[in-house]
Amino acid sequence: MSTKPSNTQQSTSAEEIFHYVESHENPFFNLSLLAGNYGQILYYGYLYQSYRNPQYLERVYDLIAAALDTFQEQISGNDNLDATHGSGFSGFFWVLGHLSEIGVLEESLDDIIDPDIQEFVEKSLDADIEIENYDPLYGFIGKGLFLLQQKEKPFAKRGIEKIIKALDKSKITDKDGNYTWVDIRNITHVDKNKSEHVVYDCGLAHGVTGIIAFCCEAYPILEDQELRTLTKTLIRKASLWLLSQEKENDLFKFPIAKFKNTADPGNHPYYARLGWCYGDICIAITLTKVASILKEGDYFQTKAMEIAIHSTAIDLRQSGTVKENGKIDPSFCHGTCGISYIYLKLFEQLKDDRLKQASKFWEKITREQTALYLEEQNLISELTDQQEDYGLLYGYMGIGLVNLSLEESKSFTWDKMLLL
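Residues numbered from 1 in each chain as written. Predicted model: local features only at pLDDT ≥ 70, side-chain atom pairs only at ≥ 80, totals over all residues. Heavy atoms only, no water.

Trainee: Help me out: how do you make sense of helix α1 (residues 14-22) in this one?
Mentor: Taken together, the buried positions of α1 are A14, I17, F18, Y20 and V21. Along the long axis of α1, the arc covered by the buried residues comes to 165 degrees, so they all point the same way. Each element contacted by the buried residues of α1 is listed here: α2 (37-51), α3 (54-76), α13 (353-376) and α14 (396-408). (Buried < 20%, exposed > 50% of the residue type's maximum accessible area, 1.4 Å probe, protein only. Helix = DSSP H or I, 4+ residues; strand = E, 2+ residues; numbered from the N terminus. Arc of directions from axis to C-beta. Contact = heavy atoms within 4.5 Å.)

Spelled out as structure tokens, the structure:
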């Protein structure tokens, strides 16, 4: 790691972030998992699990009660409910279910996730499948994360099976017999010269890597043998397609997407980056999942190690975490805390000290930058315009969750909601 930030502000702990957020009046601008209050519930739940301070648990219940009131108002008013994982009630129910799984909440969710809700989720899932919207955050794979959590319920089993069959039906087979999927968000993408560019998204947040990660999570719970075989084939052939995009002798091994004109990615501001959403390290961590499912020799594990170690040569300036205004992004999605966290996960899986050192490098930057943003009160993201971002993907909630893991030197299972 050759480039270090010049800022040397005091490090900021997970608890300090809580007190900062609580000192601001009504900071959250929406009810969602990735940008609003549901991420806040998750973070405060983990604070309680780590510190056992009753203040954190009290705030968890306050926020849940407020969210349930809003949810009931929407149902009663026949509003067009958002059922997505990233911004809708699937993400909310996932958080409640997860906090119950880890022992923060004692209540059963069966009364909340009743037959009417189950039916609504299924109908919403069917609507996404109809238009082939697989998106891991805002399409049927995102809803599939909630179904995986509810895997013992018949509606969840049906839904997971539908997802696997839909992925098989919508796959694109390349000349080598490997599989990919059209990026629904960019089907009509054109650059300023009216030329189409994006074909297949390679990322974890919206692309093929996310599809592979979901299939790896679904495979162990599938009961039907034919579906298990089909899922294994999807994992193998999609992983081989992804690896076929690897570039030789480049700083970054993988692009954000496969373009029709690979020499000109259109009006995209970057071609590769380090991050949770796109880039080499999210592909490396997903390949460790592939290796554990396929158990076909060391190929995928070896590739994961090779990609991960190669990525440690990418420094701050090259990483994609430096914004256009020169500020460093400490957030989870595009920023330094997500990088630090994924290197921690990679170290846990691959046991190479170079990955641990990389995690520590990005941790130091994250802590310094977080302290600076808190002091200046200006963690503003592309989602929040003039308001600070308190969300999970781009704001303080994601940084706080990562800080908890870094304080204890281990990953936590909340990361399943982000396919890690």
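Past the structure itself, the notes keep going.
Trainee: Which parts of the structure should I look at to understand the pattern of salt bridges?
Mentor: Charged atoms that come close allow side chains of opposite charge to pair. Inspection of every chain in the model, using the stated rule, returns 27 salt bridges. For K410, the salt bridge identified is with E408, shortest N-O distance 3.8 Å. We classify K410 as partly exposed; its relative accessible area is 37%. What makes E408 partly exposed here is its relative accessible area of 35%. Three or more residues joined by partner-sharing salt bridges are found here, namely E122, D126, R158 and K162. (Salt bridge = Lys/Arg side-chain N within 4 Å of Asp/Glu carboxyl O.)

Trainee: Is there a simple way to explain the packing of aromatic side chains in this structure?
Mentor: Given two aromatic rings, one states the distance between the centres and the angle between the planes to describe the pair. According to the stated counting rule, one finds 21 aromatic pairs in the structure shown. Judged by centre distance (5.5 Å) and plane angle (50 degrees), the rings of Y46 and F412 are tilted. Taken together, the residues Y46 in helix α2 and F412 in the segment after α14 connect sequence positions 366 residues apart. Judged by centre distance (6.1 Å) and plane angle (55 degrees), the ring pair of F332 and Y341 falls under tilted. Each member of the pair, F332 as well as Y341, carries the same accessibility label: buried. Taken together, the aromatic side chains of Y38, F71, F89, F92, F93, F120, F146 and F155 make up a single cluster linked through ring pairs. For R228, the ring lying beneath its charged end belongs to Y219, and the centroid distance is 4.3 Å. (Phe/Tyr/Trp six-rings, centres within 6.5 Å; stacked < 30°, edge-to-face > 60°. Lys NZ or Arg CZ within 6 Å of the ring centre and 35° of its normal.)

Trainee: Just to check I follow, could you spell out the packing of helix α7 (residues 154-170) against helix α8 (residues 208-218) for this structure?
Mentor: To describe two helices that pack against each other, one gives the angle between their axes and the distance between the axes. Running from amino to carboxyl end, α7 crosses α8 at an angle of 140 degrees, the nearest separation of the two axes being 11 Å. Taken together, the axes of α7 and α8 lie oblique to each other. Of the two possible hands of crossing, α7 and α8 adopt the one that is left-handed. Residues I160, I163, I164 and L167 of α7 pack against I211, F214, C215 and A218 of α8. Looking at side-chain class alone, the contact of α7 with α8 contains eight nonpolar, no polar and no charged residues. (Axes fitted to C-alpha atoms, helices over the stretch in contact; angles between N-to-C directions. Parallel < 35°, antiparallel > 145°, perpendicular 65-115°, else oblique. Left-handed = near helix turned anticlockwise from the far one by under 90°. Nonpolar A, V, L, I, M, F, W, Y, C, P; charged D, E, K, R; others polar.)

Trainee: Explanation requested: the environment of F71 in the structure shown.
Mentor: Mapping F71 onto the fold places it in helix α3. Sequence separation of F71 and F89 is 18 residues, and the distance between their C-alpha atoms is 8.1 Å.

Trainee: Mind showing me how you'd approach the nonpolar core here?
Mentor: The nonpolar side chains of a soluble globular protein tend to be buried with one another. Formed by 142 residues in total, the largest nonpolar core has its most connected members in L42, Y43, L167, W276, L346, Y396 and W414. With ten residues, helix α10 (residues 280-294) is the single largest residue contributor to this core. W276 has contacts with L137, L204, A205, C282, F332, C333, I342, L393, L418 and L420, leaving out every residue within four places of it along the chain. (Core = buried A, V, L, I, M, F, W, Y, C linked by side-chain atoms within 4.5 Å.)

Trainee: Which parts of the structure should I look at to understand unusual backbone geometry?
Mentor: Residues apart from glycine generally show negative phi values, whereas peptide bonds are mostly found in trans. Despite not being glycine, K351 has its phi angle at roughly 60 degrees, a positive value. Structurally, the position occupied by K351 is in the loop between α12 (336-350) and α13. A residue is classified by how much of its surface remains accessible, and K351, at 63% relative accessible area, is exposed. Within the chain, Q377 stands out as a residue other than glycine whose phi angle is a positive 55 degrees.

Trainee: Explain the confidence of the model for the chain to me, please; I cannot follow it from the model alone.
Mentor: The predicted coordinates ought not to be read in detail in places where the model reports low pLDDT. Taken over all residues, the pLDDT of the chain has a mean of 89, while the share at 70 or more is 90%. Here residues 1-11 scores under 50 on pLDDT; set against residues more than four positions off or in separate chains, the count is 29 contacts. (pLDDT = per-residue confidence, 0-100.)

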